[in-house]
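# Chain and residue survey
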Amino acid sequence: MDADLVIVGAGLFGLTIAQQAVEHTGAKVEIIDVRQHIGGNAYSYVDEETGAEIHQYGAHLFHTSNRRVWDYVNRFTEFTDYVHRVYATHDGEVYPLPINLGTINQFFHAHYTPAEAAKLIAEQAGELAGTDPANLNDKGISLIGRPLYEAFIKNYTAKQWQTDPAELPAGIINRLPVRLNYDNRYFKDTWEGLPKDGYTTWMERMIDDPRIHVTLGVDFFDESQPLNKKALVGKVPVVYTGPVDRYFDYELGDLKWRTVDFKEVRYDEGDHFGCPVMNFSDSDVPYTRAIEFKNFNPERRDRQNPDRTVVWEEYSRFAQRGDEPYYPVNTAEDKALYAKYEEKAAAEPKVVFGGRLGTYKYYDMHNVIDTALTAYEEQVAPLLAR
Ligand code: FDA
């Protein structure tokens, strides 16, 4: 092994570091990943039967207002003009989300003006005025009033957390956005879209350089293979993007995560929902939302099967060791535990911890690319210069 830099994890954090290292120093980079593909959680593949691009680890929509990140990603892919919009089924009707004037007027069978809707919500939210919300239920009611909270938030949140919101801490939500106009564009960022040739092609282009070598199906903690922690740490700069508690063999305890199970359903029709994401706000549907991947790429209709479609239903639950860790639970206890791991990580010789697993943070793709560009400049480049 004659690499100048070893990267554990071929997700967007690791790939950005690899690309930057080669571009700026000509370093030889070895990337390993325990999975059989690059791309980490942003990986996708084309489903043969329907032509849908399936995001294997959950729906991924690219959006950013960060000029540095937008310029960077455009070096490797063009983006479609996809604009993300979400709908919710509640009590036999379909509503637009996030809650906006369209949702409110449909729900109350009304034609409120923005000012009238604001007044109504303030009145309904006043139900618990003067009290400190004791739990997520009370917090939700105090933010948007009981009717809208119970219709669109309560049961969805219960399914996400597998816990009654009356038992969840109020601090899980700070605000529930309500738009007093008919804008149901989901993201507010300057730029959004989906990679024209798919996520995996985008990420393959980032590391298309003979100085970058990728080994798949290799676990950094497996000492029977050469690219392992014991053999490498302290000897060569390492960027580690796996779970930080796993790196230290969970010696201080496990950081808690939520995960999502996906159930695939295929339909004998070209389009089942008429949109890419349908939330289910009621408790009688056991999943939180369903993703119809074909509808992320309407510009590919000529390459999609007009008679069949594929949908993934999402079931949320707490993760156990061995599950895919998706969303950090992030209780005060978890934060305190992570702070201890972070201290140990800082003391590791020539190892840079990064990405969502290495720093126990939920990052959108644009955040992870931004932090990787900064980590390259501030932490990795100095190690390569030695
Ligand atoms: P990532 O998890 O992608 O990569 C880490 C890699 O390390 C993995 O490939 C893993 O196999 C590897 N690894 C771990 N341990 C290892 C070991 N011991 N040995 C070798 N390899 C190891 N963002 C966004 O902008 N828009 C969106 O719509 C979404 N949607 C979304 C849905 C869901 C369900 C999730 C969970 C996340 C999103 N995201 C998102 C966030 C997005 O997935 C995230 O920003 C990036 O994938 C993070 O990239 P990383 O490189 O940090 O981690």
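Worth saying up front: this structure is predicted, and the values here are computed from it rather than measured.

## Details of the overall build of the chain
Along its length, the chain carries 12 helices and 16 strands. Relative to its length of 386 residues, the chain is compact, with a C-alpha radius of gyration of 23 Å against a globular reference of 21 Å. Over its C-alpha atoms, taken along the principal directions, the chain stretches across nearly 70 × 55 × 35 Å. Per-residue burial for the chain yields a buried fraction of 38% across its 386 residues. Taking the intrachain contacts of the chain between residues at least 6 apart in sequence as the baseline, contacts between residues at least 24 apart amount to 75%.

## Considerations on the site of the ligand
By nearness alone, 35 residues border the ligand, and Gly9, Gly11, Gly40, Gly58 and Gly355 come closest of all. Counting only elements with at least two residues in the shell around the ligand, the list comes to helix 1 (12–25), strand 2 (29–33), helix 11 (355–358) and helix 12 (365–385). For the shell around the ligand, the per-class residue count stands at 19 nonpolar, 11 polar and 5 charged.

## Let's talk about the domain arrangement of the chain
Segmentation of the chain into domains returns domain 1 (5–78 + 192–252 + 328–385) and domain 2 (86–172). Taken over C-alpha atoms, the centre of domain 1 sits 37 Å from the centre of domain 2.

## As for the packing of helix 1 against helix 12
Pairs of packed helices are described in terms of their axes, by the angle between the two and the distance that separates them. One can describe the packing of helix 1 onto helix 12 by two numbers: an axis separation of 8 Å at closest approach and a directional angle of 45°. In terms of their interaxial angle, helix 1 and helix 12 are classed as oblique. By crossing handedness, the relation of helix 1 to helix 12 is classed as right-handed. When helix 1 is examined against helix 12, the residues Leu12, Phe13, Thr16, Ile17, Gln20, Ala21, His24 and Thr25 are found in contact with a partner set consisting of Met365, Val368, Ile369, Ala372, Leu373, Ala375, Tyr376, Val380, Ala381 and Leu384. Its residues assigned to classes, the contact of helix 1 with helix 12 shows 14 nonpolar, 4 polar and no charged.

Conventions used here
- Every chain begins its residue count from 1, and numbering advances along the sequence as written.
- Since the coordinates come from a predicted model, pLDDT governs what is reported: local features require at least 70, and pairs of side-chain atoms require 80 or more to be given and counted, while whole-chain, interface and lining totals use all residues.
- In this text, helices come from DSSP runs of H or I with a minimum length of four residues, and strands from runs of E with a minimum of two, each type numbered from the N-terminal end.
- Based on C-alpha atoms, the radius of gyration is set beside the globule rule, defined as 2.2 Å times the residue count to the power 0.38.
- Here exposure depends only on C-beta density: within 10 Å of a residue's C-beta, 20 or more other C-beta atoms make it buried, 12 or fewer make it exposed, and intermediate numbers make it partly exposed, the C-beta atoms being placed from the backbone.
- Contact definition: two residues whose C-beta atoms, as placed from backbone geometry, lie within 7 Å.
- We call a residue near a molecule or strand if the C-beta atom, set from the backbone, is within 6 Å of it.
- Only Asp, Glu, Lys and Arg are considered charged, only Ala, Val, Leu, Ile, Met, Phe, Trp, Tyr, Cys and Pro nonpolar, and every remaining residue, Gly among them, polar.
- Domain start and end points were adopted from an automatic or database domain assignment.
- Convention adopted: a line fitted to C-alpha atoms gives each axis, helices being fitted over their contacting stretch, and angles between N-to-C directions are expressed from 0 to 180 degrees.
- Orientation categories follow fixed angle ranges, with anything under 35 degrees roughly parallel, anything over 145 roughly antiparallel, 65 to 115 roughly perpendicular, and all other angles oblique.
- For any pair of crossing helices, the crossing counts as left-handed if the nearer helix is rotated counterclockwise from the farther one by less than a right angle, and right-handed if it is rotated clockwise.

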